[in-house]
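Structure assessment
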Amino acid sequence: MLATGYGLYQIHHGMDRIALSTNRATIAAYIYSALSILLIYLLLIFKKTVNYHMTLMAVITISFLVIIMMGTRAAILAHLLMISLMMLFHFRKIYLKPLLIVMVLLGFGVGMSYGKYIKPKIEQTDSEIALYQNGNDQSSLGSRFSLWYVGLNIFSQRPFGNTVEGRHMQAAEIIVHDPGNRTAMEYIDTHLHNELLEAASLQGIVGLLTVVLFYVYIISQSLVRKNTPMLLIGCCIIVYGLSDVLLVSSESILFFMVCIALFTKMPPVKASAAPSLVSSRLIRHAN
């Protein structure tokens, strides 16, 4: 609620994109998305609260609208899909009536924000893809494509690791032969906007396997233990790590570490479990 209120406050006071207390709207969007999905899950397991259905629908709708106003395309595309995944994993089936109500509310919200937030993003995406295909990578998507291209080439040339300085020099050599990806040089010393490529280009095969094994472990353990929050955390880390680097951001590392610490020992919760039973099990497990 505090994050949502602060985000709406920022929009009301003229910010183009909600960034919360960070200086990057992208990281804020990833954290807010994960936070709101976890809140939706908690509402599901404590479903006997007053006005449960209305609260749940409001949280889903408002969280999606806030993410739209953050302007991060990966979060806009993935947020509702991960909410759907969470509900499927929790209930093991689809309830059509609540789904239709949520879809109607979301459709209304999207319609209200389409002209100001969604349509410009669609047009921007089409324009940036067209520019990159014509050899101009000076855009948000174009720079990402260039970074991924350069990072993949660096890894193929130095599969056992590299230094930051060495990576910079390799990138410069690649750009000489392929100047269409020259914008990569502006961001190569920051990160490659992809978790796997970032690890592979610096730590080589060992770094790449470490990240992959981390992904596999967190997803497999959540499935084995039927731990829905851990599955959501893992999905957020993986999905958003495809277009950005979360493990080098202090804000995202702190957030996901706290989430993992809080939910890693959470016992399985059946869809029909009563709130009192869930509460007692959580308290007993924590003790």
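Located above this text is the structure these notes cover.
Everything numeric here is computed off the predicted structure, so don't read it as measured data. (Residues numbered from 1 in each chain as written. Predicted model: local features only at pLDDT ≥ 70, side-chain atom pairs only at ≥ 80, totals over all residues. Heavy atoms only, no water.)

Another point: the packing of helix H6 (residues 140-157) against helix H7 (residues 164-177). At their nearest, the axes of H6 and H7 sit 10 Å apart, and the two run at 115° to each other. Classified by the angle their axes make, H6 and H7 are roughly perpendicular. Of the two elements, H6 crosses H7, and the hand of that crossing is right-handed. Contacts from Tyr149, Val150, Asn153, Ile154 and Gln157 of H6 reach H7 at Arg167, Gln170, Ala171, Ile174 and Ile175. Residues belonging to the contact of H6 with H7 are distributed by class as follows: 6 nonpolar, 3 polar and 1 charged. (Axes fitted to C-alpha atoms, helices over the stretch in contact; angles between N-to-C directions. Helix = DSSP H or I, 4+ residues; strand = E, 2+ residues; numbered from the N terminus. Parallel < 35°, antiparallel > 145°, perpendicular 65-115°, else oblique. Left-handed = near helix turned anticlockwise from the far one by under 90°. Contact = heavy atoms within 4.5 Å. Nonpolar A, V, L, I, M, F, W, Y, C, P; charged D, E, K, R; others polar.)

Our next topic: unusual backbone geometry. In this structure, histidine 193 is a non-glycine residue whose phi angle is positive, near 60°. Its place among the elements puts histidine 193 in the loop between helix H8 (184-187) and helix H9 (195-224). Histidine 193 gets classed as buried once you look at its relative accessible area, which sits at 16%. Residues other than glycine seldom take positive phi values, yet lysine 226 does so here, at roughly 55°. Mapped onto the elements of the fold, lysine 226 is located in the loop between H9 and helix H10 (228-241). On the basis of relative accessible area, lysine 226 is assigned to the partly exposed category, the value being 48%. (Buried < 20%, exposed > 50% of the residue type's maximum accessible area, 1.4 Å probe, protein only.)

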